[in-house]
Amino acid sequence: MIVSYLKYIAIVILLVAIQKTLIWLIALSNYNISPDLVILMVIYVGIARGHIEGLVIGFVSGLMIDVLSGSFLGLSALCYTITGFIAGYFCVKEREDSYKKYFLVGIVFLCALIANTIYFLIFYQGSPITVQNIFLIYILSTTTYTTLVGSLFILFIKDNKRTAYIG
Amino acid sequence: MKTIGLLILRIKEYLILTLFVVISLVLIFNNDNTQIRFLRAFAIGFVGTLQSGVSAVPNVFELQNENKYLREKNIELANEVAALKEAKLENIRLSKLLSLKDKNVLGVISAKIVNKSLVQTRNTITINAGENDSIKINMPVVTDDGLVGKIVGVSKNYSIAQILYNKDLRISAKVQRSRVDGIFTYDGVGSLILTNVPKAADVNPGDLIITSDYSNLFPAGIPLGTVIETGNLDNLFKKITVKPAVNFSILEEVFVVKNLPSREKYELEKIFMNK
């Protein structure tokens, strides 16, 4: 169990590094909208392993993002923790049959939407941007972009024993 | 114990979620930036709304304690109010007496009544000033309302004064409005009366009775009382009932006026009467 946690954390460290260094290459320039690779990992852990693993990985990865961003300690940790927990509701371990791929895309969209809503609504508190604009410019666009990137991963998931449930 | 363990196992996901959310919130609220100030304001408002809702539900034990405390406080405050009222009344009385002292050119000695009788035919008061305070027999005793009586006995530190309700005290008086003269005295059965007033004299209820210039003991013009009833005593004289200017039942402080009878006038009148 600890090994699997360490494995997930190693992947998260790698994704965080990419998120902080290379993601600007695919960011939408106007509002610096970029996909959230780390949240995709958290959702994946939640779906594959359940609530507790989703929670732990969510919290740890969120904390890493917060520490590295240096602006708002605790905010990403909160969002990713909640996301990991929600993703745990769709855990494949409890299911007899597998999810269809488009359903997985829906789960990613839902989880990313919740995480981004919490994050951006708190992050832009006290700024002159209206809630409407926060939703359209940041929440919806980031969620959509993240879901698109997540869909690419879902498309390439192999139908082996583990991923059969997911795919 | 086993049941509790099972329950914890069943809800462990929620417990971990709560733990992480709390840690995240603590971290968030330890930041000090604009967003957090807004969030804190919102959180305080939200908690305040919840608290005001909860406070509407009465706590019986708290109410009992509060009730007990308020009753004790009420008694304490009632005592304080009574003491303040007493002090206020004393202040008013003393202020009036001080103004009288300032007005009186003859000079006065202030004194407190330490004993008084009001139900006998020869009523007196005892005051806490005597020879050591320069008080002498026959000095008038007054208040700001009017005449009280005269000193009839003096010791080192105390004096006794006859008051208006004393059969032995007879005062030369007059009606202020019509200047009708008379003798002001106590009838011994509860009323102050003005006697020796001719039947045809102009005296009406409400007229003020004052000390006369003819008095050898009292300065002229000190109020004695107000006429409350006039009637006929016999074919020659009126019977006039007077309400005293001084309320003897609540009297507590007095002034003794440093006014002594004129010895020369007294001697002259005595010689003339003896001839």
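About the cut-offs
- Residue positions are counted from 1 within each chain, in the order its sequence is given.
- Chains carry letters and ligands carry numbers; both start at the beginning, A for chains and 1 for ligands, and go up in the order they are written.
- In keeping with the model being predicted, local features are shown solely for residues with a pLDDT of at least 70 and side-chain atom pairs are shown and tallied solely at 80 or more, while totals for entire chains, interfaces and linings include all residues.
- With hydrogens and water stripped out, all remaining heavy atoms of the structure feed into the side-chain values.
- All axes here are fitted lines through C-alpha atoms, helices being fitted over the stretch that makes contact, and every angle between N-to-C directions spans 0 to 180 degrees.
- Elements are defined by DSSP. Helices are runs of H or I of four residues or more, strands are runs of E of two residues or more, and each kind is numbered from the N terminus.
- Should an angle lie under 35 degrees it is considered roughly parallel, over 145 roughly antiparallel, and from 65 to 115 roughly perpendicular; all remaining angles are considered oblique.
- Handedness of a crossing is defined here by the sense of rotation of the near helix relative to the far one, left-handed for an anticlockwise turn of less than a right angle and right-handed for a clockwise turn.
- Contacts are residue-level and defined by heavy atoms, with any inter-residue pair within 4.5 Å sufficient.
- Three residue categories are used. Nonpolar comprises Ala, Val, Leu, Ile, Met, Phe, Trp, Tyr, Cys and Pro, charged comprises Asp, Glu, Lys and Arg, and polar comprises the others, including Gly.
- Aromatic contacts are taken between Phe, Tyr and Trp rings whose centres are within 6.5 Å, Trp giving its six-membered ring; a plane angle under 30 degrees counts as stacked, one over 60 as edge-to-face, and the others as tilted.
- Two limits define a charge over a ring: the Lys NZ or Arg CZ must be within 6 Å of the ring centre, and within 35 degrees of the ring normal.
- Buried means the residue's accessible area, taken with a 1.4 Å probe over protein chains only, is under 20% of the maximum for its type, while exposed means over 50%, and partly exposed covers the values in between.
- The criterion for strand pairing is that DSSP finds at least two bridges linking the strands in question.

Next up on the list: the packing of helix α3 (residues 51-69) of chain A against helix α4 (residues 75-88) of chain A. All names here are of chain A. Closest axis-to-axis distance for the α3/α4 pair is 7 Å, and the angle between their directions is 160°. Comparing their axes, α4 and α3 come out roughly antiparallel. As for the relative orientation of α3 and α4, their crossing is right-handed in sense. Contacts between α3 and α4 involve H51, G54, L55, G58, F59, S61, G62, L63, I65 and D66 from the first element and L75, S76, A77, Y80, T81, G84, F85 and G88 from the second. Residues that form the contact of α3 with α4 fall into these classes: 8 nonpolar, 9 polar and 1 charged.

This part covers the side chain of T142 of chain A. By secondary structure assignment, the location of T142 of chain A is in helix α6 (residues 131-155). Excluding its chain neighbours within four sequence positions, the residues that come into contact with T142 of chain A are I33, S34, N116 and F120 of chain A.

Counting across every chain of the model gives 11 aromatic pairs over all chains. The cationic tip of K7 of chain A hangs over the ring face of Y8 of chain A; the distance from NZ or CZ to the ring centre is 5.7 Å. Stacked on the ring of Y214 of chain B, the Lys or Arg K174 of chain B has its end atom at 5.8 Å from the ring centre.

Residue and element names in this part refer to chain B. Along strand β11 (residues 238-244), 5 of the 7 residues are buried, which leaves the element largely enclosed by surrounding structure. When strand β8 (residues 192-195) meets β11, the two strands line up antiparallel, connected through 3 bridges. Note that in β11 the partner of L194 across the bridge is I240. For strand β10 (residues 223-232) and β11, the ladder comprises 7 bridges, and the chain directions are antiparallel. In the sheet register, T230 faces β11, and the bridge partner there is I240. In sequence, β10 turns back onto β11 through a hairpin of 5 residues.

Interpretation note: all reported values are geometric properties and have no functional meaning in isolation.
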